[in-house]
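# Structural overview for review
Residues per chain are reported as follows:
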Amino acid sequence: MNKNNIQQSKEKNKQKKSIFYIDCLWTENIPKRVLTNSSINTFYICPKKYDLSYNKAIYPIKYNAATTIGSAVHLALDFLKSGHSLEFAILKVVETFKDIINKLEKLLPEEDLDKIKQYARFDLIKARAMVKIYNSIYHETNFTNKTIDKEIDFKYFERVLGPMHLVNPKTLRLSKSFAIAGKSDGEGIHKKCHKTVSWELKTTSMEFSTIIENLEFGIQMPLYQFMEGQHDKRYPQFTVLDIIRKPSIKPLKKTKSTTGKRSRANDETPLQYYNRCIELYTKEQSRFFGRYIIPVSEANIINALELAWNTSRLIKFYDTHGYPAPRGTHCIGPYGVCEYKSLCWYDDWDFYEQLDIAHEELGIIADKIR
Ligand code: SF4
């Protein structure tokens, strides 16, 4: 065997072993059951929660500030990055909040709704301030008056990844029962190095270090990078991660008067609160806005696929033997009391609804499989 042949055979062996060279995930009969980063995470928080949320598609009817702010900011930044003005993007923030309140109006009693509206108007202001300052840091306006990202030429936003066969990274066997899928925030070409990159946005109250740590040890980045590689037949070189921390200030309330009653008329107005948010963001920009590079690592992709594969086995086991509900202190997690507590502990169905399909993301994916 001459030198060239040895080199070629080494290359072939390397390709056989490398997860980067797999290209067999698009065969027919993609399984209808789909695992995503968030469904896998939910499963490890609590299998019962996974069952209620992803198998039975049961949702708590409530206002979730973190999710609403996150959706509004994501949507606004997608519009900014695709060339719309800041004013248009802010309009999308307002619309997102309106849609959510309109939906809750049909489902909740008036008294609860009034309370929600009080919180929501200040959350809306947070989201507006987040979009405004992000825009001033990362975008510029070009000669045709289009808003453009300073670093990335975007090709996709909110791209649905998959569904594709779940693969066992050790044996390269395809799962007959589970597919994997997800939704990436964006993909494009980096303007400086001209490499393919993916983009991920996180809106959070946590410290940057906690988010980075979670992502470094988590499966979201490697799973998305893997699926992007499968879609494009070319792996992204790295992920650009933007983190926006929510303003860590609350609206000021007037102190109690001598009668003991608080006068709402003198509480901080939304405009005053907005100005304080902008002032805080401007003064301490680096504490609230961060951009990081997350490299693509084959080892991390293998670990993520392995975890997904093992999760699929456990889910099948619980399908047969029932999903355990470890009720107790476990139900008060790092983000507060589990939103399924009253249903799970007391079988109280007030304020829950059952939909046809779990999660909007999975709805789009299910349409693709049908
Ligand atoms: S209340 Fe507790 S046991 Fe029930 S789903 Fe939530 S975390 Fe799981």
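Scroll up to find the structure.
Now for a look at the structure at hand. (Residues numbered from 1 in each chain as written. Predicted model: local features only at pLDDT ≥ 70, side-chain atom pairs only at ≥ 80, totals over all residues.)

## So, the overall build of the protein chain
If you tally the helices and strands in the protein chain, you get 13 helices and 12 strands. When the 370 residues of the protein chain are sorted by exposure, 31% land in the buried category. In the protein chain, once contacts between residues fewer than 6 apart in sequence are set aside, the share between residues at least 24 apart is 74%. (Helix = DSSP H or I, 4+ residues; strand = E, 2+ residues; numbered from the N terminus. Buried ≥ 20, exposed ≤ 12 C-beta atoms within 10 Å, placed from the backbone. Contact = placed C-beta atoms within 7 Å.)

## Regarding the site of the ligand
The immediate surroundings of the ligand are formed by Cys46, Lys48, Lys49, Ala325, Pro326, Arg327, His330, Cys331, Cys338, Tyr340, Lys341 and Cys344. Of all elements in the fold, only helix H3 (47-55) and helix H12 (341-346) reach the threshold of two or more residues within the shell around the ligand. Along the lines of polarity and charge, the residues of the shell around the ligand split into seven nonpolar, one polar and four charged. (Near = placed C-beta within 6 Å. Nonpolar A, V, L, I, M, F, W, Y, C, P; charged D, E, K, R; others polar.)

## Considerations on the packing of helix H4 (residues 65-81) against helix H6 (residues 110-138)
Between H4 and H6, whose axes approach to 10 Å, the crossing angle comes to 35 degrees. Crossing geometry of H4 relative to H6 is assigned as right-handed. Where H4 approaches H6, its residues Ala65, Thr68, Ile69, Ala72, Val73, Ala76, Leu77 and Leu80 are matched on the opposing element by Tyr119, Asp123, Lys126, Ala127, Met130, Val131, Tyr134 and Asn135. Considered class by class, the residues forming the contact of H4 with H6 number 12 nonpolar, two polar and two charged. (Axes fitted to C-alpha atoms, helices over the stretch in contact; angles between N-to-C directions. Left-handed = near helix turned anticlockwise from the far one by under 90°.)

## What to know about helix H11 (residues 298-321)
With 24 residues, H11 should cover 34 Å at 1.5 Å per step; its first-to-last C-alpha distance of 35 Å lies within 8% of that length. For H11, the set of buried residues is Asn300, Ile301, Ala304, Leu305, Ala308, Trp309, Thr311, Ser312 and Ile315. Backbone geometry just downstream of H11 places Gly322 in the positive-phi region, at approximately 95 degrees. (Expected span 1.5 Å × (residues − 1).)

## As for the nonpolar core
Core analysis: the largest hydrophobic core is formed by 63 residues, its most contacted members being Val73, Ala76, Val131 and Ile180. With nine residues, the top contributor of residues to this core is H6. Looking at this core, you find at least three residues from each of domain 1 (33-57 + 151-242 + 292-369) and domain 2 (65-148). Not counting residues within four places of it along the chain, the set of residues in contact with Val73 comprises Ala127, Met130, Val131, Thr203 and Ile244. (Core = buried A, V, L, I, M, F, W, Y, C linked by C-beta atoms within 7 Å. Domains from an automatic or database assignment.)

## Regarding the pairing of strand E5 (residues 152-167)
Judged from the 11 bridges that link them, E5 and strand E6 (residues 174-190) form a sheet pairing that is antiparallel. Considered in E6, the bridge of Tyr156 is made with Glu187. What sits between the antiparallel neighbours E5 and E6 is a turn of six residues, in which Leu172 has the positive phi angle 60 degrees. (Pairing = 2+ DSSP bridges.)

## Considering the environment of Ile61
Mapped onto the elements, Ile61 comes out in the loop between strand E2 (58-60) and H4. By the C-beta count within 10 Å, which is 14 here, Ile61 ends up partly exposed. The spacing of Ile61 and Lys103 is 42 residues in sequence and 9.6 Å in space, taken between C-alpha atoms. In this structure Ile61 touches Leu107, Leu108, Phe351, Tyr352 and Glu353, once residues within four positions along its chain are discounted.

## Focus: the environment of Asn300
Its location among the elements puts Asn300 in helix H11. On the basis of neighbour count, Asn300 is assigned to the buried category, with 20 C-beta atoms found within 10 Å. Sequence separation between Asn300 and Phe217 is 83 residues, and the spatial gap between their C-alpha atoms is 8.5 Å.

## Looking at the packing of H6 against helix H9 (residues 270-283)
Think of two packed helices as two axes; the pair is described by the angle between the axes and how far apart they sit. At a closest axis distance of 9 Å, the pairing of H6 and H9 adopts a crossing angle of 35 degrees. Once H6 is placed against H9, the crossing between them reads as right-handed. For the pair formed by H6 and H9, the contact residues are Arg121, Phe122, Ile125, Lys126, Arg128, Ala129, Lys132 and Ile133 on the first element and Pro270, Tyr273, Tyr274, Cys277, Ile278 and Tyr281 on the second.

## With respect to unusual backbone geometry
Backbone torsion omega between Gly162 and Pro163 reads 0 degrees, so that peptide bond is classified as cis. Within the secondary structure layout, Pro163 lies in strand E5. Even without glycine at this site, Ala57 takes up a positive phi of about 55 degrees. Mapped onto the secondary structure, Ala57 falls in the loop between H3 and E2. Given 16 C-beta atoms within a 10 Å radius, Ala57 is considered partly exposed. In the Ramachandran plot, Asn145 falls in the positive-phi region, its phi being about 70 degrees despite a non-glycine side chain. Tracing the backbone shows Asn145 in the loop between strand E3 (139-141) and strand E4 (147-149). Under the C-beta neighbour-count criterion, Asn145 is labelled exposed, with 8 such atoms within 10 Å.

## Examining the pairing of E6
Two strands pair when backbone bridges link them, and strand E1 (residues 33-35) and E6 are joined in this way by three bridges, in the parallel orientation. Residue pairing for E6: Leu35 is matched across the bridge by Ile180. Here E6 pairs with strand E7 (residues 196-204) via four bridges, running antiparallel. Directly across from Ile189, in E7, lies its bridge partner Thr196. The hairpin formed by E6 and E7 contains five residues between the paired strands, and His194 there has a positive phi angle of roughly 60 degrees.

This is a description of form; function is not addressed.
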